[in-house]
Protein chains: 2
Amino acid sequence: MTTKRTAFFVSDGTGITSEALGMSLLSRFEGFEFERITLPYVDSVEKANETVEKINEASLRNDAKAIIFDTLVDDRIRSIIASSNCFMIDVFAAFLGPLEQELGQQPSDRVGRNKITENRGYDHRISAISYALDNDDGARTRYYNEADVILVGVSRSGKTPTCLYLAMQYGIKAANYPLTEEDIDDQKLPASIKSFKQKLFGLTIEPDRLSLIRNERKANSRYASMKQCNYEVEEVELMYRRERIPFMNTTHYSVEEIATRIMVQAEIKRRC
Amino acid sequence: MTTKRTAFFVSDGTGITSEALGMSLLSRFEGFEFERITLPYVDSVEKANETVEKINEASLRNDAKAIIFDTLVDDRIRSIIASSNCFMIDVFAAFLGPLEQELGQQPSDRVGRNKITENRGYDHRISAISYALDNDDGARTRYYNEADVILVGVSRSGKTPTCLYLAMQYGIKAANYPLTEEDIDDQKLPASIKSFKQKLFGLTIEPDRLSLIRNERKANSRYASMKQCNYEVEEVELMYRRERIPFMNTTHYSVEEIATRIMVQAEIKRRC
């Protein structure tokens, strides 16, 4: 039997960091089922009071204290939240003390400098996103000289989301080119990517997963059949090996993981 | 004068969480300049030893201990890293003890359950990304009934990256529709979006920032001129107010922040 608990991620920003950290920690307590509630932009007394109500309701409902992960900078807001019926984990406080000692400086009340860093990164990210969109699915090949990486793979192996994530998270210019049945039959790299061989990175995927995904697009088609998926995957992997193109199997990974593994495996330097 | 330190984010996963947390903490120590090095997939003794070398080099170079934020699950790997000349912050350990006490259960050695959660979210995210791509920039309007939100705004006000982020992070189906000079002149919502008024969310941006961005696309054009940008922004904001379309100014925010603020302001429920 699993026990229900509600986990709140409360932040005066997006809450994305406290949520990622908290979910990762909670995933290690397997006897529980955690309901996840993220509350971003809790930046006023009014919103803090509303949050307290939500927390108390959840604690009552589960007959057990809600777990709160907070990344609030304002002590006044945090003390309001702390007055609720909850078990609270103050993500920042745990580390600010030790860091203050090590660095010999008091932390400021405000999150600083992010603006600058962010703006520098911002332009890289936006232009990388444009690049990914313009060079998606082999739509355009004449700007491959600008690419940091060119993903190749059969249709629906995860190329587009990975390119977009590489752009968004790392500011990487990632193009992608679909390997068609014809390319695979010939066991030949298409001319338009052949000269960029050192930038190629292959994606592959388990045939049954590929068939499932393709069936969502075109149900009961030859394209989505197990036979066709088996064939394409087998042949494309053969081509990767023959052409010595580095590749990875995306089946069991999230987009974040696929993107980060490509960065490591292909030794690509992030741009933001 | 700022003091240089190197910050390492070491993980057996992507390192994205420890990096986000660590950067946020370090940004509050304004007297320092931190060089950021993220080392994902440190999952073997060999990689741990390589990491130790990198850390020791950085500490020597800066004549001050490198700061390490780690989210390593394997104690053996962590103890190797800890043997380096560094100031180490063990992100998980700080919270696992208190959580263990509160939940009355020992944490497992492995990050559990993420797979399931992730897979359920995965399909939502992938189909939301497809939706954003297919319904970008007014390319297609006949599936607006499926949209969770339709972003509107003048050219280059940040619609596309925001839609992609909404899809990637929250599994939200976000379409976007560009408001052209003609629409703005008339002060009339185009017919294709008029019937979806309750789904519309407007983006606006400071004219000088818009001019800068447009100049990168088409330098010295009428399109990028301050006069044109001033005009479009003024009129589009007038239209938002007149039509009672909720809107936000994107100038000083990152894509993450814009997306999350839209979720809150428009009360959109995440889908993953």
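Residues numbered from 1 in each chain as written. Chains lettered and ligands numbered in written order. Predicted model: local features only at pLDDT ≥ 70, side-chain atom pairs only at ≥ 80, totals over all residues. Heavy atoms only, no water.

What about the overall build of chain A?
The line we're drawing: Secondary structure elements are taken from DSSP: a helix is a run of H or I of four residues or more, a strand is a run of E of two residues or more, and numbering for both begins at the N terminus. Based on C-alpha atoms, the radius of gyration is set beside the globule rule, defined as 2.2 Å times the residue count to the power 0.38. Each residue is assigned to one of three classes by its accessible area relative to the maximum for its type, calculated with a 1.4 Å probe on protein chains only: buried under 20%, partly exposed between the two thresholds, exposed over 50%.
Within chain A one finds eleven helices and eight strands. Radius of gyration (C-alpha) of chain A: 24 Å, far over the 19 Å computed for a compact globule of 272 residues. Its C-alpha atoms give chain A principal-axis dimensions of roughly 70 × 50 × 30 Å. Relative to its full complement of 272 residues, chain A shows a buried share of 55%.

Let's talk about the domain arrangement of chain A
Using the following cut-off: Residue ranges assigned to each domain were obtained from an automatic or database domain assignment.
When the domains of chain A are assigned, the result is domain 1 (3-103) and domain 2 (115-265). Computed over C-alpha atoms only, the centres of domain 1 of chain A and domain 2 of chain A are separated by 38 Å.

Details of the relation of the copies chain B and chain A
Let me state the cut-off plainly: All copies are superposed by least squares; the fitting set is the C-alpha atoms of residues with a pLDDT of at least 70 in both. When checking whether two residues touch, look at their non-hydrogen atoms; a contact exists if any pair is within 4.5 Å.
Between chain B and chain A, which share one sequence, the superposing operator has a rotation angle of 180 degrees and an axial displacement of 0.0 Å; the RMSD is 0.0 Å. When the rotation and shift are considered jointly, the pair of chain copies conforms to a two-fold rotation axis. Closest approach to the rotation axis within chain B is made by the C-alpha atom of Thr17 of chain B, at a distance of 3.2 Å. By residue overlap, the copies meet face to face through one surface: 100% of the interface positions of chain B are interface positions in chain A.

Side note on the pattern of salt bridges
Close approach of charged atoms lets side chains of opposite charge pair. All names here are of chain A. To keep things clear, this is the line we draw: We define a salt bridge as a contact between a side-chain nitrogen of Lys or Arg and a carboxyl oxygen of Asp or Glu at a distance within 4 Å.
For the coordinates displayed, the defined rule picks out 32 salt bridges over all chains. The partner of Arg271 in a salt bridge is Asp148, and the shortest N-O contact between them spans 2.5 Å. Here Arg271, found in the segment after helix H11 (255-265), pairs with Asp148, found in the loop between helix H5 (114-134) and strand S5 (149-153); they are 123 residues apart in sequence, far enough to count as distant. You can call Arg271 partly exposed: its relative accessible area is 43%. One network of salt bridges, in which partners are shared, links Asp70, Asp75, Arg78 and Asp90.

Quick notes on the interface of chain B and chain A
Threshold: Buried area counts how much accessible surface, traced with a 1.4 Å probe, disappears from two parts once they are put together, with both parts' losses summed. Polar contact is the term for a pair of N or O atoms within 3.5 Å; when the atoms are in protein, one must be able to donate a hydrogen and the other to accept it, and sequence-neighboring residues count only if both atoms are side-chain atoms. Residue polarity follows a fixed list, in which Ala, Val, Leu, Ile, Met, Phe, Trp, Tyr, Cys and Pro are nonpolar, Asp, Glu, Lys and Arg are charged, and the others, Gly among them, are polar.
Across the contact, 81 residues belong to chain B and 81 residues belong to chain A. Of all residues in chain B, the largest losses of buried area upon contact with chain A belong to Arg28, Phe29 and Phe95 of chain B, amounting jointly to 11% of the total for that side. At the boundary of chain B with chain A, the tally comes to ten salt bridges. For the salt bridge of Arg125 of chain B with Glu256 of chain A, the shortest nitrogen-to-oxygen distance reads 2.9 Å. Where chain B meets chain A, there are 17 residue pairs in polar contact (both at pLDDT 80 or more). In terms of residue count, helix H5 (residues 114-134) of chain B provides more of the side of chain B that touches chain A than any other element does, eleven residues in total. The residue makeup of the side of chain B that touches chain A, split by class, is 39 nonpolar, 17 polar and 25 charged.

Side note on the pairing of strand S6 (residues 174-178) of chain B
A regular strand carries its side chains on alternate faces of the sheet. Counted residue by residue, S6 of chain B has five buried out of five residues, so it is predominantly covered. Burial along S6 of chain B is two-sided: the residues Ala174, Asn176 and Pro178 of chain B and Ala175 and Tyr177 of chain B are all buried.

Describing the sheet that holds strand S5 (residues 149-153) of chain B
All names here are of chain B. The test is simple: DSSP-based pairing: two strands are paired if at least 2 bridges between them are found. Helix axes are fitted only over the stretch in contact, all axes being lines through C-alpha atoms; the angle between N-to-C directions runs from 0 to 180 degrees.
Taken together, four strands build an open sheet; the order of strands is S6-S5-S7-S8 and the sheet is parallel. Pairing within the sheet leaves two strands with one partner each, and these edge strands are S6 and strand S8 (247-249). Each strand of the sheet is rotated relative to its neighbour by a mean of 25 degrees, with strand direction disregarded. Across three bridges, the pairing between strand S7 (residues 200-204) and S8 is parallel. Within the sheet, the bridge partner assigned to Leu203 lies in S8 and is Met248. On top of the sheet, helix H6 (residues 159-170) reaches S5, S6 and S7; it is set at about 170 degrees to S6, its chief contact. Lying on the sheet, helix H11 (residues 255-265) is in contact with S5, S7 and S8; it crosses S8 at an angle near 150 degrees.

Observations regarding the packing of helix H1 (residues 16-26) of chain A against helix H4 (residues 93-103) of chain B
In plain terms, the rule: Angles below 35 degrees are treated as roughly parallel, those above 145 as roughly antiparallel, those between 65 and 115 as roughly perpendicular, and all remaining angles as oblique. A crossing counts as left-handed when the near helix is turned anticlockwise from the far one by less than a right angle, and as right-handed when that turn is clockwise.
H4 of chain B packs onto H1 of chain A with a crossing angle of 55 degrees between their chain directions and a minimal axis gap of 10 Å. With respect to H4 of chain B, the axis of H1 of chain A lies oblique. Crossing handedness for the pair H1 of chain A and H4 of chain B: right-handed. Across from Leu21, Leu25 and Leu26 of chain A in H1 of chain A, the residues of H4 of chain B making contact are Phe95, Leu96 and Leu99 of chain B. Its residues assigned to classes, the contact of H1 of chain A with H4 of chain B shows six nonpolar, no polar and no charged.

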